[in-house]
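So you can see what is in the structure, the chains are spelled out below.
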Amino acid sequence: MTEESQGRRFRAYTDRHLDELLKKAPLSEEQRLRTRAVSSVLPFRTNAYVVDELIDWDNALDDPMFRLVFPQEDMLPKEDVDRLADLLRKEAPKKEILPVANEIRYRLNPHPAGQIQLNIPKNKAAEEDAVDGIQHKYNETVLFFPQQGQTCHAYCTYCFRWAQFVGIADLKIANNDVAEMTGYVARHPEVSSVLMTGGDPMIMGEPVLSRYIDPLLEIDHVESIRIGSKALAYWPQRFVTDPDADATLKLFEKVVKSGRNLAFMAHFSHQREMESEIVQEAVQRILDTGATIRTQAPLIRTINDDAEEWAGMWKTQHKMGMIPYYMFVERDTGPQDYFSVPLWRAWEIYRDALSQVSGLCRTVRGPSMSATPGKVTVDGVTEINGEKVFALRLLQARNPDLVGRPFFAKYSEDAVWVDHLKPAFADKFPWE
Ligand SMILES: *Cc1c(COP(=O)(O)O)cnc(C)c1O
Ligand code: SF4
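Structure report, in brief. All values reported here derive from a predicted model rather than from experimental measurement.

1. Some remarks on the overall build of the protein chain
Argument step 1. Broken down by element type, the protein chain carries 17 helices and 13 strands.
Argument step 2. Since a compact globule built from 432 residues should have a radius of gyration of about 22 Å, the 22 Å found for the protein chain is in line with a globular shape.
Argument step 3. On the principal axes, the C-alpha backbone points of the protein chain span a range of 60 × 60 × 45 Å.
Argument step 4. By the burial criterion, 59% of the 432 residues in the protein chain qualify as buried.
Argument step 5. The contacts of the protein chain with a sequence gap of at least 6 include a subset with a gap of at least 24, amounting to 75%.

Here you go:
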């Protein structure tokens, strides 16, 4: 490990630093301006570790780590970028830029898959019991959105929560009333798993994290606590050298000692994110607490749309003691046109990657779409009675009765999301 990454204190970079940072890349002044134009619409945030240790600046334009956190000028339609670039060129005030930015934002489907309304359970009793900061879409699992965890150590350009980071999603979903949130779990004996999400919950310091977790350890039917986080990729110091690193690991250990599973759901988009020694040390320290680490990421064009990349990730994760869990399909929001991979191709990449790894790495499921009815996975492209079709399956569903039943959709070359599919051999999909 470099001494630098060892003792580093967290330092965030935002919009204000963007132009200076872009000067490290081989970009012309005009390109920098156009990149800033895009970042007036989509969120930008990174930190010194990502900038100094993950990005290959000499090849920035083709570098997956650069593309992962820095906006690209072609992420938005040319006319929009022209308009914003003109405003920036003449140094227009914020109040002139904002309405233009917002108009573009609202064209980017800021609230996909009924994130806000639909995840509240359908049955009447449960609806009346709805609590801010909680999504209870699947019977056994509840999502927690702690108010203090609604940001990240860096933002991914493809993030489906982008609207929240630019402040246009009216996110009633975050909450800091711990008693209200844990009270909901206590009243719902069907909930065996609580998943802390964000943003990134690991942005919270240990004392705050404990305030959310400790009360859950008093609830018998809670069997597992999950933490969905990209901190291992964006800020591994969180588990090694940060002032509360040890206390955080103690907290994980306490969960395990209480007889529960502490599942750390690590978001890794690319092998590069696992290379530095401090990541390996962080993973080891988390595993030493008795926690498990499962990995997940979306499949993203120009960042990881390659079977060798995924096979490499799964093998490395496996060697490091992590368990590959999900390959997601990029959601239908933000610059989806830019990042999306057709479903047939997503399945090919998944299958091709899977065939290269041992059975122990084949714990990963996908390519999976977190859509309104549930998690729809593409099991394959096949031919039945001379008709080319997608074979699909729900890995998770609002209606548990639908889980695991195969169904079919007409083949489509361009479909990138479940909404683009038409049922085959039936007049509707199982959830319709
Ligand atoms: C994926 C997901 C979960 C967790 O599902 P598991 O199959 O238990 O991993 C819970 N809630 C929502 C809304 C999800 O998208
Ligand atoms: S770490 Fe997760 S929540 Fe944060 S920007 Fe990336 S995808 Fe979004």
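2. Overview of the pattern of salt bridges
Argument step 1. For the structure shown, the criterion picks out 20 salt bridges.
Argument step 2. Put simply, R405 and D401 hold a salt bridge, and the shortest N to O gap is 3.4 Å.
Argument step 3. If you follow the salt bridges from partner to partner, you end up with R34, E73, K78 and D82 in one network.

3. Here's the deal with the site of ligand 2
Argument step 1. Taken together, C152, Y155, C156, C159, F165, G199, K230 and H267 form the complete shell of residues around ligand 2.
Argument step 2. Of the residues that constitute the shell around ligand 2, the class distribution is five nonpolar, two polar and one charged.

4. Here we look at the nonpolar core
Argument step 1. Within the largest apolar cluster, 118 residues are counted, with the highest numbers of intra-cluster contacts made by F70, F144, L232, F264 and W314.
Argument step 2. Discounting chain neighbours no more than four positions away, the residues touching F264 are M202, I227, S229, L232, F239, F252, I286, T292, I293 and R294.
Argument step 3. The next biggest cluster of nonpolar side chains, apart from the first, holds 20 residues, and it includes M369, A371, W417 and V418.

5. Some details on the sheet that holds strand β6 (residues 224-229)
Argument step 1. Strand order across the open sheet formed by 11 strands is β3-β4-β5-β6-β7-β8-β9-β10-β11-β12-β13, with mixed pairing between neighbours. At either end of the open sheet lies a strand with only one pairing partner, and these are β3 (134-138) and β13 (406-410). Averaged over all adjacent pairs, the angle separating strand axes in this sheet is 30 degrees, with direction ignored.
Argument step 2. Sheet analysis places strand β7 (residues 261-267) next to strand β8 (residues 292-299), joined by five bridges and oriented parallel.

6. Quick notes on the site of ligand 1
Argument step 1. Every residue lining ligand 1 is accounted for by K137, Y138, T141, L143, R226, Y325, Y326, K375 and Q396.
Argument step 2. Here R226 contributes a side-chain N or O atom positioned 2.8 Å from an oxygen atom of ligand 1.
Argument step 3. Between an oxygen atom of ligand 1 and a side-chain N or O atom of Q396, the distance comes to 3.3 Å.
Argument step 4. Isolated, ligand 1 exposes 380 Å² of accessible area, and the fraction of that covered by the protein chains is 86%.
Argument step 5. Going through the elements one at a time, β3, β4 (141-144) and β9 (323-329) are the ones with two or more residues in the shell around ligand 1.
Argument step 6. Looking at the shell around ligand 1 residue by residue, the classes come out as four nonpolar, two polar and three charged.
Argument step 7. Counting contributing residues, the shell around ligand 1 receives three or more from each of domain 2 (112-290) and domain 3 (302-313 + 324-432).

Conventions adopted
- Residues numbered from 1 in each chain as written.
- Chains lettered and ligands numbered in written order.
- Predicted model: local features only at pLDDT ≥ 70, side-chain atom pairs only at ≥ 80, totals over all residues.
- Heavy atoms only, no water.
- Helix = DSSP H or I, 4+ residues; strand = E, 2+ residues; numbered from the N terminus.
- Rg over C-alpha atoms; globule rule 2.2 N^0.38 Å.
- Buried < 20%, exposed > 50% of the residue type's maximum accessible area, 1.4 Å probe, protein only.
- Contact = heavy atoms within 4.5 Å.
- Salt bridge = Lys/Arg side-chain N within 4 Å of Asp/Glu carboxyl O.
- Near = heavy atom within 4 Å.
- Nonpolar A, V, L, I, M, F, W, Y, C, P; charged D, E, K, R; others polar.
- Core = buried A, V, L, I, M, F, W, Y, C linked by side-chain atoms within 4.5 Å.
- Pairing = 2+ DSSP bridges.
- Axes fitted to C-alpha atoms, helices over the stretch in contact; angles between N-to-C directions.
- Polar contact = N/O pair within 3.5 Å; in protein donor to acceptor, adjacent residues only side chain to side chain.
- Areas by Shrake-Rupley, 256 points an atom, 1.4 Å probe, with all protein chains shown as cover.
- Domains from an automatic or database assignment.

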